[in-house]
Number of protein chains: 4
Amino acid sequence: MSRHVLLVDCQDRPGLVHAITGVLLQHGSNVLGNHEFVDHDGGRFFMRTEFIAGAEPLHRPLDQVQLVAELKAALPPGASVQLTGQQQPRIVVLVTKEHHCLGELLMRHAFDELGAEVAAVIGNYSVLQSLVEKFAIPYHEVSHVGLTREQHEQALFALVERYQPDYVVLAKYMRVLSPAIVERYPLRLINIHHSFLPAFVGASPYRQAWQRGVKIIGATGHFVTNDLDEGPIIAQSVIPVDHSHGPEDMAQAGRDVEKSVLAKTLKLVFEHRVMLSGNRTIIFE
Amino acid sequence: MSRHVLLVDCQDRPGLVHAITGVLLQHGSNVLGNHEFVDHDGGRFFMRTEFIAGAEPLHRPLDQVQLVAELKAALPPGASVQLTGQQQPRIVVLVTKEHHCLGELLMRHAFDELGAEVAAVIGNYSVLQSLVEKFAIPYHEVSHVGLTREQHEQALFALVERYQPDYVVLAKYMRVLSPAIVERYPLRLINIHHSFLPAFVGASPYRQAWQRGVKIIGATGHFVTNDLDEGPIIAQSVIPVDHSHGPEDMAQAGRDVEKSVLAKTLKLVFEHRVMLSGNRTIIFE
Amino acid sequence: MSRHVLLVDCQDRPGLVHAITGVLLQHGSNVLGNHEFVDHDGGRFFMRTEFIAGAEPLHRPLDQVQLVAELKAALPPGASVQLTGQQQPRIVVLVTKEHHCLGELLMRHAFDELGAEVAAVIGNYSVLQSLVEKFAIPYHEVSHVGLTREQHEQALFALVERYQPDYVVLAKYMRVLSPAIVERYPLRLINIHHSFLPAFVGASPYRQAWQRGVKIIGATGHFVTNDLDEGPIIAQSVIPVDHSHGPEDMAQAGRDVEKSVLAKTLKLVFEHRVMLSGNRTIIFE
Amino acid sequence: MSRHVLLVDCQDRPGLVHAITGVLLQHGSNVLGNHEFVDHDGGRFFMRTEFIAGAEPLHRPLDQVQLVAELKAALPPGASVQLTGQQQPRIVVLVTKEHHCLGELLMRHAFDELGAEVAAVIGNYSVLQSLVEKFAIPYHEVSHVGLTREQHEQALFALVERYQPDYVVLAKYMRVLSPAIVERYPLRLINIHHSFLPAFVGASPYRQAWQRGVKIIGATGHFVTNDLDEGPIIAQSVIPVDHSHGPEDMAQAGRDVEKSVLAKTLKLVFEHRVMLSGNRTIIFE
């Protein structure tokens, strides 16, 4: 028996759930849970099905190629059909100097709570090396010193590619990625950043937040895209602060909410619960 | 065209979604959204489908009786099939002396945000009468003074029955209902009450909460049943408090969280988003 | 006996708390609670003291003029000293067409939970008139039709002034106030508005929020000033939303969070718990 | 210059703040922040003052013994006066098999965010040993196998005592401590546990929570005392769950909320922000 997640994204039309479940039934799948959503604005249909294959009555392993082919035949032209198995995704984590998000990932990884295999951590400084190595995970420093932005990015991603990751997680990696890199990893680059109400632009955001007297500090986990200043949002949360918090206290609050939002973001992505409708995410929790 | 919600609850077996969507398709329904859940513990299948009938290509009104009959034929014996239309449910609200939950319901009702028709409000005191009458809704006082509990309940529910409500909402109605009344309204009696961590029993709960120094005060919206001290939970939330809150401040915090949780509870119930698996609710949000 | 709140705001120097409490002690005040805060960035000292006067051992009414004079003598030059009594503030509420914040204020007012006297409600439409009149509060329509912005504002605030309010609450009043009006009411104009992460500019904010796929919707209660696009923040909160919320559902979520944040904002202001350090608030909860 | 926190707890009477700040002033202290609270129920006064000593104009180190003596002389008989310096508290952490709270503490400790020195971790199993040793902190296994409860506790606390901790943190230490041990560490034993609405007693709490269909799972950080089934509450929070969470998902949600509530609890304790009034805490945040 094997466990799978099927993601379908296509033009909406009547009968899609019936058609898809018909194909799944013929392949002997035992559905554990379905989620569907129709985005009426764009007329698109989204479905996530979690199922077990190879159980009674068919007792034979799932023919994944055949299943996908039959699903595509049953769906409108241009349908996207993704079928994943039980294997955990491989990730590479990029960092700069901040430890909080990385620490959260390493600790969850060490106790099988991350839902992914951390293949390597790569940073442009060495300060996080000893933390990573405590957990017996390769750390590479790719310093940007003396390199152009392009040269540094090429060196960094040459190393990333060596690990063939399913996702690249920017765990407070503080350098902007070029459009070429972003295009190479569609829906595979995941970032976390703080968010404020109202929003701030420019340097020293926590100092600005403090000067502004904000009462909550937020964090947003999102895919990195070139379409927007900030790509499709996967998860968001906030933490309360008050006037007694100085800029450094606000930064600590920001670190706390960032690490918990990043953990939630990754759980949703690694469990294949995130689909995309234009620039907004559909989250099948 | 008409809009409907279908709720199916039956023994789980392979092919249920396919079977149900097949019947819906033959009736020309255009599915707006599906939710399914399989409770593997009890082996039960739950489905909520929101659909439009009467659109192309069939262009004929939905034959509801026929649809339900065909669904039952396609499902395991004993399946529960509920089909509702667009009509808002009718409710009767029971109160004692506290205004906060009632006020929230009346205000939402006045601006078409409640999702139900408030047929009447009935209380065992007169203090809330003028509030209710501001909104041109009938108020009845059924005093318990001089009556046995049974006599009072009979008088009260004789009046309730006159309005033939779909649901009876206990908006801080502070008297315990007899098992006979509870059985008469399965999944139709909705209550709100405060909740504490840890829980308290007995009188003056907010004084106890204050003495205990709790840091959060909660509220639970639930169905009233005879099975448990407290029936299936529909919605819960909490509000933070601290040592500067005296017992009355804690009670005010409790009122604030109660009214918002009751509003959420009722929205879920009135939109037919709540199903029951044993003593726990399935909420299709 | 009488109950008072004293607010002191002055240049920081050693011994301020000792000096202030010394003066209070000589006036026979019985301190119920003190809060102090030193904003080290600007070197300012803030203090809120709640006290009872007229009790033992002095048994004489508080000489407020004398108390303030002695406090000023004991404090650095330019100190701000505000002494308030038990009288609830008077407010005028400005509205346009949205009912949710107004309804919350009226209901709390009706049951003595608002902490202020609502002298009148003034709007530029008539749609909320019947709601206000249910609660026996004067409603005035001052239509902007046919008037310049300046003429309308003059007519509106001539009416506001007739009620001599302590505060003017903008309960979804959707027109921008001129700098001249804002200057006339320093820290007396209170507004509520939705907030998003990331922030949006321009029309149809909920449509934008929906297109952007935000996962939380926020609200900010603040003083209106001319210094910033948005004045000092008093209270903020958020409410979770997801992809199943269309623009109208997001707007409903926004209404729910706005009304609860406005209630909290007003409670803080009416209890004299808000002080100002530059553009940020000190909240003594 | 040196930084201190002063905690005063005594019978309330007029003039206490004036008296205390007078003594502090004479010792050349520069107050950074004061918090006071009067518990009118028991007539007790609580104050926390954070101050810098040794600055201008006195330029001499703080005479702590003299300061405390003068404060006691100025306060009602029986006053509690605690003066602490800048040294971080030393803690010993007790664990059983669960890693989540321990991991959070170790990671914060590794990056100087814990506010305490972790002297050692002691557990009754060996499963967490390798995690602790990654961070170069001593781990001791004191197995309970073959020992009576009393023998085990004696062995365990003999080891604890060797490290002379200021606090003992029960980071999911799953064995009940005897009254004798609890009495030995008044307000020095800190525990974290899950909390439910409604509360459950007995084994498999997450299975019970799941069967009950709870919608939120909470955690409570508290002092361990013998007075109550559960001692004075320091911090509480909740995390939302729904019907799609099985017992193991609920346990994971519980772990997530426990580790963040424990971190908050410890921050409050280690910064000397927690005082006790009867069985409830005063938290000066």
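Rules behind the numbers
Residues numbered from 1 in each chain as written. Chains lettered and ligands numbered in written order. Predicted model: local features only at pLDDT ≥ 70, side-chain atom pairs only at ≥ 80, totals over all residues. Heavy atoms only, no water. Helix = DSSP H or I, 4+ residues; strand = E, 2+ residues; numbered from the N terminus. Rg over C-alpha atoms; globule rule 2.2 N^0.38 Å. Buried < 20%, exposed > 50% of the residue type's maximum accessible area, 1.4 Å probe, protein only. Contact = heavy atoms within 4.5 Å. Areas by Shrake-Rupley, 256 points an atom, 1.4 Å probe, with all protein chains shown as cover. Pairing = 2+ DSSP bridges. Axes fitted to C-alpha atoms, helices over the stretch in contact; angles between N-to-C directions. Salt bridge = Lys/Arg side-chain N within 4 Å of Asp/Glu carboxyl O. Least-squares fit on C-alpha atoms with pLDDT ≥ 70 in both. Buried area = accessible area lost by both parts, 1.4 Å probe. Nonpolar A, V, L, I, M, F, W, Y, C, P; charged D, E, K, R; others polar. Phe/Tyr/Trp six-rings, centres within 6.5 Å; stacked < 30°, edge-to-face > 60°. Lys NZ or Arg CZ within 6 Å of the ring centre and 35° of its normal. Polar contact = N/O pair within 3.5 Å; in protein donor to acceptor, adjacent residues only side chain to side chain. pLDDT = per-residue confidence, 0-100. Parallel < 35°, antiparallel > 145°, perpendicular 65-115°, else oblique. Left-handed = near helix turned anticlockwise from the far one by under 90°.

A. Up close: the overall build of chain A. Scanning chain A for helices and strands turns up eight helices and 13 strands. For 285 residues, the compact-globule estimate of 2.2 N^0.38 gives 19 Å, and the C-alpha radius of gyration of chain A, at 21 Å, lies within 12% of that figure. With respect to the principal axes defined by its C-alpha atoms, chain A has extents near 60 × 40 × 35 Å. Within the span of chain A, comprising 285 residues, buried residues form 57% of the whole. Pairs at least 24 residues apart make up 65% of the contacts formed inside chain A by residues separated by at least 6 positions. As presented, chain A carries roughly 11700 Å² of accessible surface, and 50% of it is formed by carbon and sulfur atoms.

B. Layout of the sheet that holds strand β11 (residues 233-240) of chain A. Residue and element names in this part refer to chain A. As summarised here, the arrangement of the seven strands in space is β7-β6-β5-β8-β9-β10-β11, forming an open sheet in which the pairing is mixed. Taken across any chain shown, the strands that pair with only one partner, and hence form the sheet edges, are β7 (139-141) and β11. Averaged over all pairs of adjacent strands, the angle between their axes in this sheet comes to 20 degrees, without regard to strand direction.

C. Structural context of the pattern of salt bridges. This structure, assessed with the given rule, holds 61 salt bridges over all chains. One salt-bridge network, in which partners are shared between bridges, spans A:Glu104, A:Arg108, A:Asp256, A:Lys259, D:Glu104, D:Arg108, D:Asp256 and D:Lys259.

D. The relation of the copies chain C and chain A, seen in detail. In the superposition of chain C on chain A (RMSD 0.0 Å, axial shift 0.0 Å), the rotation amounts to 180 degrees. Given the turn and translation reported, the copies of this chain are related as if by a two-fold rotation axis. Rotation axis and chain C: the residue whose C-alpha lies nearest the axis is C:Ala199, separated from it by 2.9 Å. Comparing interface residues between copies, 100% of those in chain C also lie at the interface in chain A; the contact surface is shared.

E. View of helix α3 (residues 100-110) of chain C. All names here are of chain C. Most of α3 is tucked away: nine of the 11 residues are buried. Where α3 is concerned, the buried positions are His100, Cys101, Leu102, Gly103, Glu104, Leu105, Leu106, Met107 and Arg108. In the segment just after α3, Asp112 is the residue with positive phi, at about 60 degrees.

F. Looking closely at the interface of chain C and chain A. Between chain C and chain A, the residue contacts involve 34 residues of the former and 34 residues of the latter. Interface area for chain C against chain A, summed over the two sides, is near 2700 Å², with a carbon-plus-sulfur share of 59%. Counting only elements with at least two residues in the side of chain C that touches chain A, the list comes to β2 (30-39), β9 (189-196), α7 (205-212), β11 (233-240) and β13 (280-283) of chain C. Broken down by element, the residue count for the side of chain C that touches chain A peaks at six residues, all from β11(C). Taken together, the residues that form the side of chain C that touches chain A break down as 17 nonpolar, 10 polar and seven charged.

G. Summary view of the packing of aromatic side chains. Applying the stated criterion across every chain yields a total of 10 aromatic pairs over all chains. Aromatic pair B:Phe135 and C:Phe135: ring centres 6.1 Å apart, planes at 70 degrees, arrangement edge-to-face. Of this pair, B:Phe135 sits in the loop between α4 (129-134) and β7 (139-141) while C:Phe135 sits in the loop between α4 (129-134) and β7 (139-141), placing the two residues on different chains. Given the relative accessible area of 10%, C:Phe135 is considered buried. Their ring planes at 50 degrees and their centres at 5.5 Å tell us that C:Phe157 and C:Tyr185 sit as a pair that is tilted. Here C:Phe157, found in helix α5 (residues 149-162), pairs with C:Tyr185, found in the loop between α6 (179-184) and β9; they are 28 residues apart in sequence, far enough to count as distant. Residue C:Phe157 is classed as buried on the basis of its relative accessible area, which comes to 2%. Over the aromatic face of C:Tyr125 sits the side chain of C:Lys97, whose NZ or CZ is 4.4 Å from the ring centroid.

H. Structural context of the interface of chain D and chain B. Across the boundary between the two partners, chain D contributes 34 residues, which contact 34 residues of chain B. At the boundary of chain D with chain B, total buried surface from both sides reaches about 2700 Å², with 60% on carbon and sulfur atoms. Counting across the chain D and chain B interface gives zero salt bridges. Remark: the boundary between chain D and chain B carries 10 residue pairs in polar contact (both at pLDDT 80 or more). Put simply, the parts of the chain that give the side of chain D that touches chain B at least two residues each are β2 (30-39), β9 (189-196), α7 (205-212), β11 (233-240) and β13 (280-283) of chain D. For the side of chain D that touches chain B, the element with the most residues is β11(D), which contributes six residues.

I. Local environment of the relation of the copies chain D and chain B. Superposing chain D onto chain B takes a rotation of 180 degrees plus a shift of 0.1 Å along the axis, which leaves an RMSD of 0.0 Å. By residue overlap, the copies meet face to face through one surface: 100% of the interface positions of chain D are interface positions in chain B.

J. Layout of the sheet that holds β7(C). Residue and element names in this part refer to chain C. Strands sit in the order β7-β6-β5-β8-β9-β10-β11 across an open sheet of seven strands; the sheet is mixed. The outermost strands of the open sheet, each flanked by one partner alone, are β7 and β11. Averaged over all neighbouring strand pairs, the angle between strand axes comes to 20 degrees, with direction disregarded. With three bridges connecting them, strand β8 (residues 167-170) and β9 associate as parallel partners. Counted as the bridge partner of Val169 is Ile190 from β9. Packing of α7 onto the sheet brings it into contact with β9 and β10 (216-223), and relative to β9 it is tilted by some 30 degrees.

K. Region of the structure containing the confidence of the model for chain A. With 96% of its residues at a pLDDT of at least 70, chain A reaches an overall mean of 93. What the predictor reports for the complex is a pTM of 0.95 with an ipTM of 0.92.

L. Layout of the packing of α7(C) against helix α8 (residues 247-270) of chain C. Residue and element names in this part refer to chain C. Contact geometry for α7 and α8: axes closest at 9 Å, N-to-C directions at 115 degrees. Looking at the two axes, α7 sits roughly perpendicular to α8. Two packed elements cross with a definite hand, and for α7 against α8 that hand is right-handed. Each of Tyr206, Arg207, Ala209 and Trp210 in α7 lies in contact with α8, whose residues at this interface are Pro247, Met250, Ala251, Gly254, Arg255 and Glu258.

M. Inspection of unusual backbone geometry at higher detail. Phi is positive for B:Gln164, which is not a glycine, with a value near 45 degrees. Positionally, B:Gln164 belongs in the loop between α5 (149-162) and β8 (167-170). Non-glycine residue C:Leu187 carries a positive phi angle of around 55 degrees. Its place among the elements puts C:Leu187 in the loop between α6 and β9.

N. Highlighting the packing of helix α3 (residues 100-110) of chain D against helix α8 (residues 247-270) of chain D. Residues and elements named next belong to chain D. At a minimum axis separation of 9 Å, α3 and α8 run at an interaxial angle of 45 degrees. In terms of axis orientation, α3 runs oblique to α8. Between α3 and α8 lies a crossing whose hand is right-handed. Contact with α3, carried on its side by His100, Cys101, Glu104, Leu105 and Arg108, involves Arg255, Glu258, Lys259, Leu262, Ala263 and Leu266 of α8 and no other residues of that element. The class makeup of the residues in the contact of α3 with α8 is five nonpolar, one polar and five charged.

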